[in-house]
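Below are the chains, spelled out letter by letter.
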Amino acid sequence: VSGGQDRSIRSWSRSEDLVFVEEERERALEAQVDQAAVEGQVGSVAVVGGGGLESVKSVEQLMEGLELVTNELQEMQEGVKNTNVNSNPLLLGLSPLRFMLRLL
């Protein structure tokens, strides 16, 4: 039993169920996507994709990679960088386009 500043009393009980935080977050995210789909706020593409936690992480990685490649290509076009000298270490020693293909 515990209490809070909002003057509520909470009763806690221990169970044998294993709870994984990542799975709970993924379930909550899926529930939010489902609720938004019911309300008509989400397009059919997002609903088909599932919108799970892994999908969100993958999209974030793609966006970061795309931003990195775009910046590198702009610097190469401006003549700031030579193609092989002083390349960004996040590109793993690959050309920007090869890095994007690897990321996909």
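The structure displayed is predicted, hence computed values, not measured ones. (Residues numbered from 1 in each chain as written. Predicted model: local features only at pLDDT ≥ 70, side-chain atom pairs only at ≥ 80, totals over all residues. Heavy atoms only, no water.)

This part takes up a nonpolar patch on the surface. Together, Leu62, Leu101 and Leu104 make up a nonpolar patch on the protein surface, roughly 330 Å² of accessible area in all. In this structure, Leu62 sits in helix α3 (residues 53-77). The exposure class assigned to Leu62 is partly exposed, which follows from its relative accessible area of 34%. (Patch = residues over 30% accessible without salt bridge, like charges linked within 9 Å, V, L, I, M, F, W, Y side chains within 5 Å. Areas by Shrake-Rupley, 256 points an atom, 1.4 Å probe, with all protein chains shown as cover. Salt bridge = Lys/Arg side-chain N within 4 Å of Asp/Glu carboxyl O. Helix = DSSP H or I, 4+ residues; strand = E, 2+ residues; numbered from the N terminus. Buried < 20%, exposed > 50% of the residue type's maximum accessible area, 1.4 Å probe, protein only.)

By size, the foremost hydrophobic cluster in this structure holds five residues: Leu68, Val69, Leu91, Phe99 and Met100. Looking at this core, the elements that each hand over two or more residues are α3 and α4 (96-103). Not counting chain neighbours up to four residues away, the residues in contact with Leu68 comprise Asn88, Leu90, Leu91 and Phe99. (Core = buried A, V, L, I, M, F, W, Y, C linked by side-chain atoms within 4.5 Å. Contact = heavy atoms within 4.5 Å.)

A few words now on unusual backbone geometry. As a rule of thumb, non-glycine residues mostly have phi less than zero, and peptide bonds are mostly trans rather than cis. Phi angles above zero are rare outside glycine, and Arg7 is one such case at about 60°. Counting through the fold element by element, Arg7 comes out in the loop between β1 (2-3) and β2 (9-10). Owing to a relative accessible area of 79%, Arg7 belongs among the exposed residues under this scheme.

What follows concerns the packing of α3 against α4. Contact geometry of α3 with α4 gives a least axis separation of 9 Å together with a crossing angle of 170°. With respect to each other, α3 and α4 are oriented roughly antiparallel. Within the contact between the two elements, α3 uses Gln61, Leu62, Gly65, Leu66, Leu68, Val69, Glu72, Leu73 and Met76 and α4 uses Pro96, Leu97, Phe99, Met100 and Leu103. A class-by-class count of the residues in the contact of α3 with α4 yields 11 nonpolar, two polar and one charged. (Axes fitted to C-alpha atoms, helices over the stretch in contact; angles between N-to-C directions. Parallel < 35°, antiparallel > 145°, perpendicular 65-115°, else oblique. Nonpolar A, V, L, I, M, F, W, Y, C, P; charged D, E, K, R; others polar.)

Further remarks concern the environment of Ser11. By secondary structure assignment, the location of Ser11 is in the loop between β2 and α1 (21-39). For Ser11 and Val1, which are 10 residues apart along the polypeptide, the C-alpha to C-alpha distance reads 4.4 Å.

In this section: the pattern of salt bridges. This model, assessed by the stated rule, comprises three salt bridges. One salt bridge connects Glu23 with Arg27, and the closest N-O pair in it is separated by 3.8 Å. With Glu23 and Arg27 both in helix α1 and four residues apart, this pair spans about one turn of that helix. Judged by relative accessible area, which is 40%, Glu23 ranks as partly exposed. Of the charged contacts, one joins Glu24 and Arg27 as a salt bridge, the two residues approaching to 2.7 Å between their closest N and O atoms. Taken together, the residues Glu24 and Arg27, both in helix α1 and three residues apart, mark about one turn of the helix. With a relative accessible area of 37%, Glu24 lands in the partly exposed category. Via salt bridges that share partners, Glu23, Glu24 and Arg27 belong to a single interconnected network.

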